[in-house]
Amino acid sequence: MTQPAAQIRRDSAEKVTGEARFVTDIALPGMLHARLLRSTMPHARITGIDAAAALDMPGVVAVLTGADFAGLKHEWGLFLRDRPLIAIDRVRYVGEPVAVVVAEDEYSAEEALDAIVVDYDPLPHVTDAEAALAPDAPLVHETMETLKDFYFKGEAKPLPGTNIFQNYRYECGDVDAAFAAADHVFEDAYDFPMVFHYAMEPHCVVAEYSVREGFTLHSCAQSPSAVQKVLHAIFGTPLSKIRVIVPYVGGGFGGKASVKLDPLAAGIAWKLQRPVRLCLSVAESMLTCRRLNARVHLRSAVAKDGTLLAKAVRVVMNGGAYADTGPAVAIKAANRAIGPYRIPNLRLEAQAVYTNTVPGAAFRSIGGPQAVWATESQMDTIAEALELDPLELRRRNLLRRGETVRPDLRSIDVEMAEALGEVSKALPHRPGEARGFAVAASDPGIMPIGSAMVRLGIDGSITVMANSVEIGQGVRAVLAKLAAEALNQPIAAVDVAETDTLTAPFDWGTGASRSTVIMGCAVQEAAADAGRKLLAMAATTYEVPESECRLVEGGVLVRNQHHTFRDLFHRYFGIDSGDVSGIGSITPQYRNGAFLQAPLFWETAAAGCSISVDEDTGEILVKDYVSAADVGRVINRLAAEGQDEGAAMQGLGHSLFEELLYEDGQPVNASMIDYHVPLIDESPAHFETILIENGDGPGPGGARGMGEGAILPVAPAIANALAAGHGVRIKHLPLTPEKVWRSLRAAKAGL
Amino acid sequence: MHDLAFAVNGEQRSLQVEPRELLIDVLRNQLGLTGTKRSCDVQVCGACTVLVDGQPTSACSTLAVEADGCAVQTIEGLAKDGRMDRIQQAFLDHGALQCGFCTPGFVMAVHALLTQHEKPDDATIRHYLHGNICRCTGYVKIIEAVKSLV
C-alpha cells in the first residue's frame, strides 16, 4: 500500500529525516538552563531552604524559591486557584517543585540541585481517594477558590472543609421507583488505575521576558490560549504581550493540555530577564500529571428481557494535589458511564478528591476509560446472569440515531448498532481463543470557539494561520487539505504556519477531538472569505458579474479565460504585489446556533478482541483486535487509522499492566525502568480498524472528530473475553498476570 | 576534558568533551544534530538510538568518550542529496509515524535490523524493535512499513 501523494503529511517528511523542530531542540542566544528540585515529602511545611552552597557552584546563575515570587498573585489554576507557581511554604506531593537552579548549562544546574538543603516539617498525608473522604482525613487544601467560566464553562462545586473539590450530581426520571420495580438489580464497583501519559517528548518550555516585549514562550502546550490566560492572571502582562509559539509537539494525550509547566518557566524568565530553557526528564513528567484513577460504583435496574430501566453511577476520582481540569474529568466520567444505551432513569454522582499525589489531568477521553471499563464490564455480567448473548443484550438497549443518552445533551448522531455489527462480523473466531466486546459513547468536541486565517499571495501560495497544535494527529495536513479544497487550489500550494498566538487568532485548544470539526470549519470559512474577496476582485478587474468568475488552479477563470492570481492582483492593485486574507470564526452562534448544544457530536467506539491466556502464568495475549469508529467522513485515511490504532494500543497499557503505585506517600515506580507501557511485541498480531463514513458529522464534508474513542472499549473487551473464556471476572485494572493467575486459581478451587 | 575523535555520518570530527558528557548531548549540543531525541534517559525507549560501528546504541546512556575512534551514524546521515533512504520513505508511505519524536530512533533501529537480517519475519521484527517505544501509532503501521521493505 502506498500513500496517495495528497495524503502525505509534510510534517511527517520533516520528522522522518530528523529536521522537524521540537521545543527541546530550540536554543536561543544567551539561553540559561533550569532544573527543578522536587519535594521528597508527600505533605509538609517547608521550614527553610539553604541554597548558599548551590549558588557557589560553577556555572550556577541563580537559585529561585517561593520567596522570589512573593510579590505576585502567584496562585493559579483552571477551575480552582489552588496552585502556587512554585512551592511557597508547603508541599503537597512528592515531586512538587520546591526550588529552581538556573545555570549556564544543564549539567551544572543538575549538579547544583544536590547542594540545596530543604528542611521540612512533615504533615499527615493521604494518597488514596476513599481515605481522603474520611471525616478525619488530613486536608490537602484548607480553602478552595473556584474560577467560573475560566477555561471550561461552569465552575467546580467543592465541599469546603473536605478534600472534595468537585461534587457533581445529575438526575433524570424516577430512579428509585425504577429500582423498586425492576426484575433484577446489579451492583458492582470497578477500579481503574492511576496511569501516566508518557508522551515521548517530556514537558519543555523555552521562555523569554523583557518589560518592553513581554513574554515569548516556545512551549509544548496543547492549549496556547490557556497559557496566555494564566500568565496574564499571574503577571498582569497584557495578552498582546504574551506570545506562545508551539512547534511540533512530541505527543501529549492530554498531558500537555490546560496549563502545566509554562507559568514556572515564565516566572524564571520574568525574574532573571534572560531566556531560559526548562526541560523536564520523562521521570519528572511522571511527577507532573497523570490520569485520575477512579472507583466507579454502578447499580443497574434491568427487566427480565434485558431492558435497562435505570442506572445509578457514583464515581470517586483521585484528583491529586491540585485540581487542574479534574472537575471536568469527573463530570465526563459520570456521563461516559451511561453508555450508548436507552436508559430512562439516571442518577449520576461524581466526586473528585484532593490527595497527596501527582496532580490528575486530562488524558485521552477525559474520564472515559474509567467509566467505560465499569459500564461495559457490567453489561457482560448482566448478560451472563440473564443467559443472554452479550451482543444481543447490547443490541436490545443500543440507542438509535436521534435518541438521547441524557435528555439535556444533543441526541446521538450515529446508529450505534452499525459499528458493533461491523466489529462482530470482522472479529475472527478461532478455537482456543475467547472473544469479548465493548461499546462506548463519549461527549467531546467541546468549546465551539476558534478562528483561523487564510492568506493567498500573488504567486498563488497560501498560508493557513490557525492555533491548532500539531501533536502527531496530522491536523496541519487536514487544515491544508481543507483550505486547498475550499479555494480549489493544489494542496502543495498550502502551508500551515507554526502555531503562534501572535499571528493566528484565538482557538480554545487542541484536545477533546475538536480540531477537525471546529478548526476545520474555521479554515473552510476563512478560505471561503478569501475566495469571495478574490471573485469580487476578479469581477471588478475584468468587468464581469461575479457569477461568471470562478477559482481554478493558480488563478481565476473568467468567461472561459484563465487569469493567474499574479495577473489579477497586478491589475487590481496596480502593481505586481499584494495579497488577500480571509478570516473564519466558529462561535456558539455558528450556523444559527447549530454548534451551541453539547456535545458538538458523539464520539463512539465499538471493539472486539480475542485473547489467549496462559493459565500457568496468568498472562493475557491479545491475538486479534477489531476497532470501529463512526467518523462521518475520513479526511486523511492513514492518519485516521493511525489515531484509532494508537488509542487502542494506549488502552492496552492500562488494561494489562500500567499503574502508578504509591507506598507511604511515595510513588514507587515513577521511572521508565519500572513503569511499563505497551511495546511492539505486545501489539496484537491482527489489528483491524473500521472507519464508518456516512457523511453525517458536523465538520467538513460531514466529518466528526476522532482519535479518543478507540481507547474506551479496550479494557472491558479484554476482561469480557477473560470472563467468557476462562470464567473469571476481574474488577480491578490492570489485568496483570498475577491478578489473573490468582483469580483462575481461586475459581478452580471453587472459592 | 578529553579529546574525542570519531566519524559522524562519515565525517571525521575532533572535539573536547567532559568525561561525564553523554553521547546524546555531544551530538545535539556540540554538533547540532538534534534529530536524535532524548526521552526515557534509561535505555528503554530507543528514541535516542544511533548506530555506533553499525550497532544500535542508546545515545542517552553512552558516554561520549566511549565513541572515541568509532563511526557514529545518526538520522541526519541517512538522506542522500535530499532523497530519503528507503526506510524513511517506507515510514512516510505507510503512515508509520505521528508525533515523530520516536521516529529517528525507530528508523535507525530498522536500519540495523535490515543490515543484520536480510529477510526478517514478523517475530524477528517484533523482537528486534522491542527496545523502541512509540506512543502514537500502536505499532501497526510501523510493522507494515518494515514488512514492505522485506
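Cut-offs and rules
- Residues numbered from 1 in each chain as written.
- Chains lettered and ligands numbered in written order.
- Predicted model: local features only at pLDDT ≥ 70, side-chain atom pairs only at ≥ 80, totals over all residues.
- Heavy atoms only, no water.
- Helix = DSSP H or I, 4+ residues; strand = E, 2+ residues; numbered from the N terminus.
- Buried < 20%, exposed > 50% of the residue type's maximum accessible area, 1.4 Å probe, protein only.
- Contact = heavy atoms within 4.5 Å.
- Areas by Shrake-Rupley, 256 points an atom, 1.4 Å probe, with all protein chains shown as cover.
- Lys, Arg positive; Asp, Glu negative; His and termini not counted.
- Charge placed at Lys NZ, Arg CZ, Asp CG, Glu CD.
- 1 Å grid on protein atoms, 1.4 Å probe; cavity = no way out; pocket = protein on both sides within 12 Å on 5 of 7 lines; lining within 4 Å.
- Points joined across faces, edges and corners; volume = space filled by probe spheres on them.
- Nonpolar A, V, L, I, M, F, W, Y, C, P; charged D, E, K, R; others polar.
- Polar contact = N/O pair within 3.5 Å; in protein donor to acceptor, adjacent residues only side chain to side chain.
- Domains from an automatic or database assignment.
- Axes fitted to C-alpha atoms, helices over the stretch in contact; angles between N-to-C directions.
- Parallel < 35°, antiparallel > 145°, perpendicular 65-115°, else oblique.
- Left-handed = near helix turned anticlockwise from the far one by under 90°.
- Pairing = 2+ DSSP bridges.
- Core = buried A, V, L, I, M, F, W, Y, C linked by side-chain atoms within 4.5 Å.
- Salt bridge = Lys/Arg side-chain N within 4 Å of Asp/Glu carboxyl O.

Turning to the overall build of chain B, a few remarks are in order. Along the backbone of chain B there are five helices and five strands. Expressed along its principal axes, the backbone C-alpha trace of chain B runs to roughly 45 × 30 × 25 Å. Put simply, chain B has 150 residues, and 60% of those count as buried. The contacts in chain B between residues at least 6 apart in sequence include a share of 55% that link residues at least 24 apart. Total accessible area computed for chain B in this model is approximately 5,800 Å², and 47% of it derives from carbon and sulfur atoms. Separation between the mean location of the 13 positive side-chain charges and that of the 17 negative ones in chain B comes to 8 Å.

Let us now look at the layout of surface pockets. For the largest pocket, the calculated volume is near 1,100 Å³. Considering the residues around the largest pocket, the lining is formed by 49 residues, among which Arg35, Glu106 and Glu110 of chain A together with Arg38 and Asp41 of chain B are closest to the centre. At the level of elements, β1 (32–38), α3 (106–113), β12 (276–279) and α8 (282–285) of chain A together with α1 (23–30) of chain B are the ones that each hand at least two residues to the lining of the largest pocket. The biggest single contributor to the lining of the largest pocket is β1 of chain A, with five residues. Each residue belonging to the lining of the largest pocket can be placed in one class, and the counts come to 23 nonpolar, 10 polar and 16 charged. Computed from the structure, the second largest pocket encloses a volume of approximately 920 Å³. Lining the second largest pocket are 40 residues; nearest its centre among them are Phe152, Lys153, Gly154, Met447 and Ala598 of chain A. Among the elements that make up the lining of the second largest pocket, the one with the highest residue count is helix α9 (residues 326–336) of chain A (five residues). Of the residues belonging to the lining of the second largest pocket, the class tally is 23 nonpolar, seven polar and 10 charged.

To continue, consider the environment of Asp576 of chain A. Residues and elements named next belong to chain A. In this structure, Asp576 sits in the loop between α15 (565–573) and β26 (579–586). Separated by 499 residues in sequence, Asp576 and Gly77 place their C-alpha atoms 51 Å apart. Beyond its immediate sequence surroundings of up to four residues, Asp576 is in contact with Ile458, Arg566 and His570. Side chain to side chain, Asp576 and Arg566 meet in a polar contact 2.9 Å long.

The next thing to look at is the domain arrangement of chain A. Interface size is often expressed as the accessible area that is lost when the parts come together. Domain boundaries in chain A define domain 1 (1–28 + 199–285), domain 2 (31–123), domain 3 (290–399 + 408–445 + 598–748) and domain 4 (450–593). If you average the C-alpha positions of domain 2 of chain A and of domain 4 of chain A, the two centres end up 47 Å apart.

Glancing now at the packing of helix α13 (residues 475–487) of chain A against helix α14 (residues 515–542) of chain A. Residues and elements named next belong to chain A. The interhelical angle for the contact between α13 and α14, taken along N-to-C directions, is 30°, at an axis separation of 8 Å. On the basis of their axis angle, the class for α13 and α14 is roughly parallel. Crossing of α13 over α14 shows right-handed handedness. Between α13 and α14, the residues in contact are Val475, Val478, Leu479, Leu482, Ala483, Ala486 and Leu487 and Ser515, Thr516, Met519, Gly520, Val523, Gln524, Ala527, Ala530, Gly531 and Leu534, respectively. For the contact of α13 with α14, the residue count by class is 12 nonpolar, five polar and no charged.

Before going further, it helps to spend a moment on the sheet that holds strand β28 (residues 619–630) of chain A. Residue and element names in this part refer to chain A. Reading across from one edge, β18-β27-β28-β31 is the order of the four strands in this open sheet, with mixed pairing throughout. The two strands at the open ends of the sheet, each matched to only one other strand, are β18 (434–442) and β31 (686–692). When the angles between neighbouring strand axes are averaged without regard to direction, this sheet yields 20°. Pairing analysis gives nine bridges linking β18 to strand β27 (residues 603–614), with the strands arranged antiparallel. What sits directly across from Gly436, in β27, is Cys609.

Here we come to the nonpolar core. Formed by 224 residues in total, the largest nonpolar core has its most connected members in Tyr198, Ile611, Ile620, Ile718 and Leu735 of chain A together with Phe91 of chain B. With eight residues, helix α3 (residues 103–116) of chain B is the largest single contributor of residues to this core. Aside from chain neighbours lying at most four places away, what touches Ile718 of chain A is Cys609, Ile611, Ile620, Val622, Leu652, Ser655, Leu656 and Leu735 of chain A. In this structure, Val454, Val523, Val556 and Phe595 of chain A belong to the second largest nonpolar core, which totals 43 residues.

So, on to the sheet that holds strand β7 (residues 164–172) of chain A. Residue and element names in this part refer to chain A. Overall, mixed pairing links the five strands, which are arranged β7-β16-β15-β14-β8 in an open sheet. The open sheet terminates on both sides in strands that have one partner only, identified here as β7 and β8 (184–192). Strand-to-strand twist across the sheet, computed as the mean angle between neighbouring axes with direction ignored, equals 5°. As paired elements, β7 and strand β16 (residues 345–354) share eight bridges and run antiparallel to each other. Paired with Arg169 across the strands is Glu349, a residue of β16. Across the sheet, helix α10 (residues 368–385) is in contact with β8, β14 (293–302) and β15 (308–320); its angle to β8 comes to roughly 145°.

Residue and element names in this part refer to chain A. Scanning the model with the defined rule gives 63 salt bridges over all chains in all. In this structure, Arg401 and Asp696 form a salt bridge, with 2.9 Å as the shortest nitrogen-oxygen distance. Within this pair, whereas Arg401 is found in the loop between α11 (390–397) and α12 (416–426), its partner Asp696 is found in the loop between β31 and α18 (714–726), the two being separated by 295 residues in sequence. Since its relative accessible area comes to 38%, Arg401 is described here as partly exposed. The exposure class of Asp696 is partly exposed, given its relative accessible area of 23%. Lys748 is the partner of Glu615 in a salt bridge, and the nearest nitrogen-oxygen pair spans 3.0 Å. With a gap of 133 residues between them, Glu615 in the loop between β27 and β28 and Lys748 in helix α19 (residues 737–748) connect regions that are remote in the sequence. For Glu615, a relative accessible area of 31% puts it in the partly exposed group. Take Lys748: its relative accessible area is 63%, and that puts it in the exposed class. One salt-bridge network, held together by shared partners, links Arg35, Arg38, Glu106, Glu110, Arg277 and Glu284.

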